[in-house]
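Breakdown of the fold
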Amino acid sequence: MTSAIRVQQVAKRFGSVEALAGVSLDVRQGEFFGLLGPNGAGKTTLISALAGLVRLDSGHIEVMGCDVVSDYRNARRQLGVVPQELVFDPFFSVRETLKIQCGYFGIRQTRARDAWIDEILENLDLTSKANANMRSLSGGMKRRVLVAQALVHKPPVIVLDEPTAGVDVELRQTLWQFIRSLNRDGHTVVLTTHYLEEAESLCTRIAMLKAGRVVALDTTANLLRRFSVHALRLKLAPGVMLPPPLASRAQEKEGAWSIAFDQYSEIEPVLAELRANGCVLEDLEIGKPDLEEVFVRVMRGKEDRFPSGVGADARSPSSVGVTG
Ligand SMILES: Nc1ncnc2c1ncn2[C@@H]1O[C@H](COP(=O)(O)OP(=O)(O)OP(=O)(O)O)[C@@H](O)[C@H]1O
Ligand SMILES: [Mg+2]
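Everything numeric here is computed off the predicted structure, so don't read it as measured data. (Residues numbered from 1 in each chain as written. Chains lettered and ligands numbered in written order. Predicted model: local features only at pLDDT ≥ 70, side-chain atom pairs only at ≥ 80, totals over all residues.)

Remarks on the domain arrangement of the chain
Where we set the bar: Note that the domain bounds were set by an automatic or database domain assignment.
If you check the domain split of the chain, you get domain 1 (5-78 + 155-222) and domain 2 (228-288). The straight-line distance from the C-alpha centre of domain 1 to that of domain 2 is 36 Å.

Here it is as structure tokens:
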């Protein structure tokens, strides 16, 4: 089957900044794919290249089999992009904005078109704002309109560049319900977000970018067990420090420490170390590593516990080795 998105050896430089340094990845049709990475990793540059807004130095990108340069119009038609930046025309109402967007894609006014616009407005909780002027909307509402704009031409591939930045909890849930239903109906979704819990629960496969390079690419399930099977989370009493041998293998997150381990027998030595150092615990929990813990380790470029080779295949069959 044709890939929804095929990115081959893509490079882009802005002056001395290598925004994309040879990125290759395939997104299959129907996937819910995550594109993650710290600020400046190259996510938006890649999305802009997909949408034909950035001219690549080298490499190729296809959307549903259409080259984004040589077959720009068809490629663009396959794609709905929710941009990271809030861009809008302040003089039009929400409904007018969506109608104008339809015009860009040559969609004529029909009952079906208007019904689809109504459905989008309804699903994004914008119905009451349909006739409001764009400039009168709050930031979160403007972002909803950007999502609506990306969907007017029913693109098979939907790319969302941080769609929930500055969006309240309720709308996030509404938005994800809607995007999930579009994904169930066969639309491919590519999501960029810094909310890693969102990516963990929504995406079936994830690529992590760092300084313009893919440093991890795997199913979410494989990424989650990439470094360990379990995580021991410790909350220390106020003022208590983790002993250095434990601190060196622990990650701090929201005032708690997480220690990766594979066998339950590894817990006792940790507790013994804490006891020996007189560390008072406020809370202790055993769970699975979350995507944030994995992300931090991948970005630190720590050696993969299961590098490609013997023993790696069962855990991460399609993983790309962690570098950097
Ligand atoms: N038009 C531009 N001119 C100069 N440099 C640019 C331009 N666009 C992007 N860059 C640089 O390219 C790099 C990648 O930027 P990009 O916006 O793709 O990152 P990102 O992964 O989307 O980050 P964020 O999470 O902050 O949105 C950054 O160093 C950025 O400063
Ligand atoms: Mg960005």
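Next comes the rest of the write-up.
Examining the site of ligand 1
How we decide: For each residue, a C-beta atom is placed from the backbone, and the residue is labelled near a molecule or strand when this atom is within 6 Å of it. Helix and strand assignments follow DSSP, with helices taken as H or I runs no shorter than four residues and strands as E runs no shorter than two, numbered in order from the N terminus. Put simply, Ala, Val, Leu, Ile, Met, Phe, Trp, Tyr, Cys and Pro go in the nonpolar bin, Asp, Glu, Lys and Arg in the charged bin, and everything else, Gly too, in the polar bin.
As a matter of local geometry, ligand 1 sits amid Phe14, Val17, Ala19, Gly37, Asn39, Gly40, Ala41, Gly42, Lys43, Thr44, Thr45 and Gln84. Sort the elements by how many residues they give to the shell around ligand 1 and helix H1 (residues 43-50) lands first, with 3 residues. Among the residues forming the shell around ligand 1, the class breakdown is 4 nonpolar, 7 polar and 1 charged.

Let's talk about the sheet that holds strand S6 (residues 79-82)
Which entries qualify depends on this criterion: Paired strands, in this sense, are two strands between which DSSP finds at least two bridges. For helices, the axis comes from a line fit to the C-alpha atoms of the stretch in contact; other axes are also lines fit to C-alpha atoms, and the angle between any two N-to-C directions lies between 0 and 180 degrees. Each residue is represented by a C-beta atom placed from its backbone, and any two residues with such atoms within 7 Å are regarded as in contact.
Strand order in this open sheet of 6 strands is S6-S7-S8-S3-S9-S10, and the pairing throughout is mixed. Looking along the sheet, the strands with just one partner apiece sit at the ends: S6 and strand S10 (213-219). Neighbour-to-neighbour, the strand axes of this sheet turn through a mean angle of 15°, independent of strand direction. Relative to strand S7 (residues 157-161), S6 runs parallel, the two sharing 4 bridges. Bridging from a neighbouring strand, valine 81 pairs with valine 159 of S7. Against the sheet, helix H5 (residues 139-151) touches S6 and S7, its axis set at about 170° to S6. The strands touched by helix H11 (residues 291-300) within the sheet are strand S3 (32-36), strand S9 (205-210) and S10, with S9 carrying the most contacts at an inclination of about 40°.

Looking at the environment of glutamate 198
For the record, the criterion: Burial in this document is a count-based property: other C-beta atoms within 10 Å of a residue's C-beta are tallied, and the residue is buried at 20 or more, exposed at 12 or fewer, or partly exposed in between, with C-beta positions derived from the backbone.
Mapped onto the elements, glutamate 198 comes out in helix H7 (residues 196-202). For glutamate 198, a count of 17 C-beta atoms within 10 Å puts it in the partly exposed group. When the C-alpha atoms of glutamate 198 and alanine 211 are compared, they prove to be 23 Å apart, with 13 residues separating the residues in sequence. With sequence-adjacent residues up to four places away left out, glutamate 198 is seen in contact with Thr164 and Thr193.

Section: the sheet that holds strand S14 (residues 281-287)
Strand order across the open sheet formed by 4 strands is S12-S13-S11-S14, with antiparallel pairing between neighbours. For this open sheet the edge positions go to strand S12 (250-253) and S14, each flanked by a neighbour on one side alone. Going from strand to strand, the sheet's axes swing by 25° on average, the running direction of each strand aside. Alignment of S12 against strand S13 (residues 256-261), held across 4 bridges, turns out to be antiparallel. When the bridges of S13 are listed, glutamate 252 appears paired with tryptophan 257.

What about the nonpolar core?
Heads up, the rule is: The term nonpolar core refers to a group of buried residues, namely Ala, Val, Leu, Ile, Met, Phe, Trp, Tyr and Cys, whose C-beta atoms join them within 7 Å.
Residues Leu50, Ala148 and Val159 are the most contacted members of the largest nonpolar core, which totals 70 residues. Sorting elements by how many residues they give to this core places H5 first, with 6 residues. Here this core gathers at least three residues from each of two domains, domain 1 (5-78 + 155-222) and domain 2 (228-288). Residues within four places of leucine 50 in sequence aside, it is in contact with Ile5, Ile61, Val63, Val68, Leu79 and Val159.

Points about the packing of helix H3 (residues 94-104) against H5
Going by this rule: The scheme is simple: roughly parallel for angles under 35 degrees, roughly antiparallel for over 145, roughly perpendicular for 65 to 115, oblique for anything else. Here is the rule for handedness: rotate from the far helix to the near one, and if that takes an anticlockwise turn smaller than a right angle the crossing is left-handed, while a clockwise turn gives right-handed.
H5 packs onto H3 with a crossing angle of 30° between their chain directions and a minimal axis gap of 9 Å. As summarised for this structure, H3 and H5 are arranged roughly parallel, according to the angle between their axes. In this structure, the crossing between H3 and H5 has a hand that is right-handed. Residues Val94, Thr97, Leu98 and Gln101 of H3 form the contact with H5, whose own contacting residues are Val145, Ala148 and Gln149. Its residues assigned to classes, the contact of H3 with H5 comprises 4 nonpolar, 3 polar and no charged.

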